[in-house]
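Spelled out from the first residue to the last, the chains are:
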Amino acid sequence: MKDLFSVNQLTKDDVGKIFEIAKIYKEKFNAGEKKFNDLRGYSVLLVFFENSTRTRTSFELAGKILGADTINITASSSSVKKGETLYDTVKTLEALRSDFIVIRHSMSGAAKIVADSVESHVINAGDGTNEHPTQALLDAFTILEKKGKIEGLKIAIVGDILHSRVARSDVKLFKKLGAEVTLCGPITMLPRHFEALGADFVTTNLEEALKDKDVVIFLRIQLERQDKPFFSSLREYSIKYGLNQEKINLLKEDAVIMHPGPVNRGVELQSELVYGSRSLILNQVENGLFIRMAVYKYLLS
């Protein structure tokens, strides 16, 4: 596997091997080993045409910890501002002999186009509303750490499903690993094709979605991707689809809450729940580093 642009590329065996590599890196890192030489002599280009904090930083830090030379390229500093096409930009960057290209782009399918056009290893850091495979991997790895398994778990994904590349990748990976997946959100944000991806249940009722779940993943309302209103107000959305202290009682006693970030406090989650005892949000951020280290290593092998 030269590239990672979709969860569809991954077999259960691939996922297990990536998790094993991530686990080893995490154990060594927590034991005090802060530098590795696995990518020594390699270069990583971080090509981000959309804003990012967690994803870009973790990919950059992962590369540096593994010994790679990392270079950041943003839309504002590239020739895209001058009218250069994505293809020409990437071919120009590849001429610099980069070993990895980590790309985030607003166009769905951009990562696959790049992967088919260059010899470098290409990793999709989010393409439009299509996919975000490393986010799905870190979500599954975090759940596995906490629950000890994924097969048989009941997982709900709540929020702006329509615009979420995280939801698309999560559904594919969770189903591949044997979980039951429920999707919940306003009817205007629930595209029917999600059932074709393998979601078991689709509902507009939050109480129904939360009942007896082991894991609930809340998604950010992506106002920047909405060219028309999909609900009357953020307040109405928060009342219907936000999690508060009362609704949390619908979950199992040992259920956990997740969010890919950034969180709109008071909209998707009541503020005190963001880092509460049930929250795995910071675990997700931490594991993002080790999963991305593992993906670099796995693509090389």
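In the block above lies the structure referred to throughout.
Counting of residues starts from 1 at the beginning of each chain's written sequence and follows it residue by residue. Residues qualify for local features only when their pLDDT is at least 70, as the model is predicted, and side-chain atom pairs are given and counted only at 80 or more; totals for whole chains, interfaces and linings, by contrast, use all residues. Just so you know, side-chain values use all the structure's heavy atoms and leave hydrogens and water out.

Turning our attention to the side chain of glutamate 50. By the element assignment, glutamate 50 lies in the loop between strand S1 (43–48) and helix H2 (54–65). Partly exposed residues are those whose accessible area sits between 20% and 50% of the maximum for their type, while under 20% is buried and over 50% is exposed, using a 1.4 Å probe and protein chains only. The class of glutamate 50 is buried, set by a relative accessible area of 17%. Two N or O atoms count as a polar contact when they lie within 3.5 Å, although within protein this holds only if one can serve as hydrogen donor and the other as acceptor, and sequence-adjacent residues are included solely when both atoms are side-chain atoms. Only 3.0 Å separates the side chain of glutamate 50 from the side chain of arginine 165, close enough to count as a polar contact. Secondary structure follows DSSP: runs of H or I at least 4 residues long count as helices, runs of E at least 2 residues long count as strands, and numbering of each begins at the N terminus.

Before going further, it helps to examine helix H4 (residues 110–117). Taken as a whole, H4 has its buried residues at Ala110, Ala111, Val114 and Ala115. Taken down its axis, H4 places every buried residue within 130° of arc, on the same side. In this fold, the buried residues of H4 make contact with helix H3 (86–94), strand S3 (100–105) and strand S4 (121–127). Each direction from the helix axis to a C-beta atom contributes to the arc, which is the arc of those directions. Contact definition: two residues touch when any of their heavy atoms are within 4.5 Å.

Ring pairs (aromatic) are described by centroid distance and by the angle formed between their planes. Planes of paired rings set the category: under 30 degrees apart is stacked, over 60 is edge-to-face and the rest tilted, where pairs are Phe, Tyr or Trp rings (Trp by its six-membered ring) whose centres lie within 6.5 Å. The final tally for this structure, using the stated rule, is 6 aromatic pairs. Arranged with centres 5.4 Å apart and planes meeting at 55°, the rings of phenylalanine 19 and phenylalanine 141 form a pair that is tilted. Residue phenylalanine 19 is found in helix H1 (residues 12–30), and its partner phenylalanine 141 is found in helix H5 (residues 133–147); the two are separated by 122 residues along the sequence. Here the two residues phenylalanine 19 and phenylalanine 141 agree in accessibility, since each one is buried. A connected cluster of aromatic rings, assembled from ring pairs, spans Phe59, Phe100 and Tyr296. Over a ring means this: the NZ of a Lys or the CZ of an Arg is within 6 Å of the ring centre and within 35 degrees of the ring normal. A cation over a ring is seen here: lysine 34 above phenylalanine 29, with NZ or CZ 4.0 Å from the ring centre.

Remember that the coordinates give geometry; whether it matters functionally is a separate question.
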